[in-house]
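# Structural description and commentary
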Amino acid sequence: MKDTHEKGNPTITARMLPDWRGGNPYQQLLADGIELSGIKVSFYSDYFRGLPVFRDFLKNKGSVDVYHLHWLANYIRFEDLPRKLFYSIKLLLDLYLVKACGIKIVWTIHNLLPHEAKYPGLEKWISRRVAAAADGLIVHSGSARDAVEEAYGIDSSRITVIPHGHYRSVYGELPDKSVSKNLLQLDEGKKIVLCFGLIRPYKGIEDLIEAWKRLPGDIKSGAMLLVVGKARDKAYLDTLELLKEDDSSIRLVEGFIPDNELVTYFSAADVVALPFRRILTSGSLLLALGYGKLIVGPRIPLLEEILGECPSHLFETDEEHGLSEAIRQALLDNDRDTDSIAARAEEFSWDRIGMRTRDLYLKVLGK
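Residues numbered from 1 in each chain as written. Predicted model: local features only at pLDDT ≥ 70, side-chain atom pairs only at ≥ 80, totals over all residues. Heavy atoms only, no water.

### Looking at the overall build of the chain
When helices and strands are counted, the chain shows 16 helices and 14 strands. Taken along its principal axes, the extent of the C-alpha atoms in the chain is 65 × 50 × 35 Å. Counting all 367 residues of the chain, 56% fall into the buried class. A sequence separation of at least 24 residues applies to 75% of the contacts in the chain between residues at least 6 apart. When the accessible surface of the chain is totalled, it reaches about 16,300 Å², and 51% of it is carbon and sulfur. Across the chain, 48 positive and 52 negative side-chain charges occur, with their mean positions spaced 8 Å apart. (Helix = DSSP H or I, 4+ residues; strand = E, 2+ residues; numbered from the N terminus. Buried < 20%, exposed > 50% of the residue type's maximum accessible area, 1.4 Å probe, protein only. Contact = heavy atoms within 4.5 Å. Areas by Shrake-Rupley, 256 points an atom, 1.4 Å probe, with all protein chains shown as cover. Lys, Arg positive; Asp, Glu negative; His and termini not counted. Charge placed at Lys NZ, Arg CZ, Asp CG, Glu CD.)

### Description of the sheet that holds strand β9 (residues 191–196)
The pairing of strands in a sheet happens through backbone hydrogen bonds and is either parallel or antiparallel. The strand order β11-β10-β9-β12-β13-β14 describes an open sheet built from 6 strands, whose pairing is parallel. Among the strands making up the open sheet, the edge pair consists of β11 (250–254) and β14 (312–315). With direction set aside, neighbouring strand axes in the sheet form an average angle of 20°. Two strands pair when backbone bridges link them, and strand β13 (residues 294–298) and β14 are joined in this way by 4 bridges, in the parallel orientation. Looking at β14, one finds that Pro298 is bridged to Phe315. In this fold helix α11 (residues 259–268) packs onto β9, β10 (223–229), β11 and β12 (271–273), with an angle of close to 135° to the strand it touches most, β9. (Pairing = 2+ DSSP bridges. Axes fitted to C-alpha atoms, helices over the stretch in contact; angles between N-to-C directions.)

### Some points on the side chain of Lys293
Considering the arrangement of structural elements, one finds Lys293 in the loop between α12 (283–290) and β13. Although buried, Lys293 forms no salt bridge, and the nearest oppositely charged side chain, Asp270, lies 6.3 Å from it. (Salt bridge = Lys/Arg side-chain N within 4 Å of Asp/Glu carboxyl O.)

### Section: the side chain of His313
In this fold, His313 is placed in strand β14. With a relative accessible area of 16%, His313 lands in the buried category. Looking at His313, its side chain comes within polar contact range of the side chain of Asp333, at 3.1 Å. (Polar contact = N/O pair within 3.5 Å; in protein donor to acceptor, adjacent residues only side chain to side chain.)

### Things to note about the pairing of strand β4 (residues 40–43)
Where strand β3 (residues 13–17) and β4 come together, 4 bridges link them in parallel fashion. For Ala14, the partnering residue across the bridge sits in β4 and is Val41. At this point the chain moves from β3, through helix α1 (residues 26–36), to the parallel β4, and the crossover so formed is right-handed. (Right-handed = clockwise from strand over helix to strand, strands pointing away.)

### Observations regarding unusual backbone geometry
Between Leu17 and the following residue, Pro18, the backbone shows a cis peptide bond with an omega angle of -10°. With respect to the helices and strands, Pro18 occurs in the loop between β3 and α1. The residue Gln185 is not glycine, and still its phi comes out positive at about 55°. Mapping Gln185 onto the fold places it in the loop between α7 (177–183) and β9. Judged by its relative accessible area of 68%, Gln185 is exposed. Phi is positive for Glu245, which is not a glycine, with a value near 50°. Along the chain, Glu245 falls in the loop between α10 (234–244) and β11.

### Observations regarding the packing of helix α8 (residues 205–213) against α10
Two packed helices can be described by the angle between their axes and the distance between those axes. Between α8 and α10, whose axes approach to 10 Å, the crossing angle comes to 5°. Here α8 lies roughly parallel to α10, going by the angle between them. Between α8 and α10, the residues in contact are Ile205, Glu206, Ile209, Glu210 and Lys213 and Tyr236, Leu240, Leu243 and Lys244, respectively. Tallied by class, the residues present in the contact of α8 with α10 amount to 5 nonpolar, no polar and 4 charged. (Parallel < 35°, antiparallel > 145°, perpendicular 65-115°, else oblique. Nonpolar A, V, L, I, M, F, W, Y, C, P; charged D, E, K, R; others polar.)

### Considering the environment of Leu252
Considering the arrangement of structural elements, one finds Leu252 in strand β11. Leu252 sits in the buried class, given a relative accessible area of 15%.

### Describing the sheet that holds β4
In space, the 6 strands of this open sheet follow the order β4-β3-β5-β6-β7-β8, with parallel pairing throughout. If you trace the sheet from one side to the other, it starts and ends with β4 and β8 (159–161), each paired once. Strand-to-strand, the axes of this sheet are offset by a mean angle of 25°, without reference to chain direction. Where strand β5 (residues 66–69) and strand β6 (residues 104–108) come together, 4 bridges link them in parallel fashion. Each bridged residue has a counterpart across the sheet, and for Leu69 the counterpart in β6 is Trp107.

### A short note on the pairing of β11
Pairing between β10 and β11: 5 bridges, direction parallel. Across the sheet, the residue bridging to Val227 is Leu252, located in β11. For the crossover from β10 across α10 to β11, the handedness is right-handed.

Purely geometric stuff here, so don't read any function into it on its own.
This is how it looks when you write it as structure tokens:
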């Protein structure tokens, strides 16, 4: 462990794993924010050979203080149960060996379970044990802390709430709305409801399409629903295509959306729909918030906590046609204060998040 100081704090090196920066800017933004606080951050992506974390420790002995674990999927990636169980046990052994050498483990819990877990019992078993082994646990909201405490049997005092940051700095400012609508071949006079991100069942997209189809004709005639993103399951995409049938006011845009096109869709949007069935944290929510978009979503603790007093249209999950009514109200809402929504996003800046993560590192290291 190093004793040199920078900015008045011990120089600490954190190593993040797995390295998922290729498909999501979250980890790079987090690393940048942490480094602003004087902590050195590196990444590690080798998880195909035996005991990858311990091997990395041996290779870099003396230069890593904290291993900051994120998603577990890459370490227990197999589809068949015997190998998944074997690699789950191997992951635990890997972490225990590193801990035995005095290195600290921090785990950011992004999901209670993988969204389409094939073996939820095993996934919960390994998650509970990784949580018990970790020296520090991070979740992105108070509601997530409560859910983790209940699901994993972890005392809430071991869990630190550090919010997810916004993405506005990644994708840049929004272009002109008229130009964006023209590029996307959208009617200039229609309001646009956008559902953006990976097209997966837990996001409630079927519920959204059904709710949209129940809207009164005079509302639908002046609006369009855009569902945009990459579908991992063609069968699920086919289900959505069949569900929307020949409704010309619904457009499905399937595929990876480059960064320069993302801002075009958000510029064109008047409302962002996030009809989650279940969620522990959401980058899409912070993306919409950063761009000052009016949000429609379920009245669940996560959304209430993140949105605060921002203008929004949340529906009760047990209310029949609640989603349809929330969409209708959002489309009729001409008094939305987009500046106050965007201002709320500043509370989720990466420099603040980096400082709080640094504080947790110092705590687990006893500094």
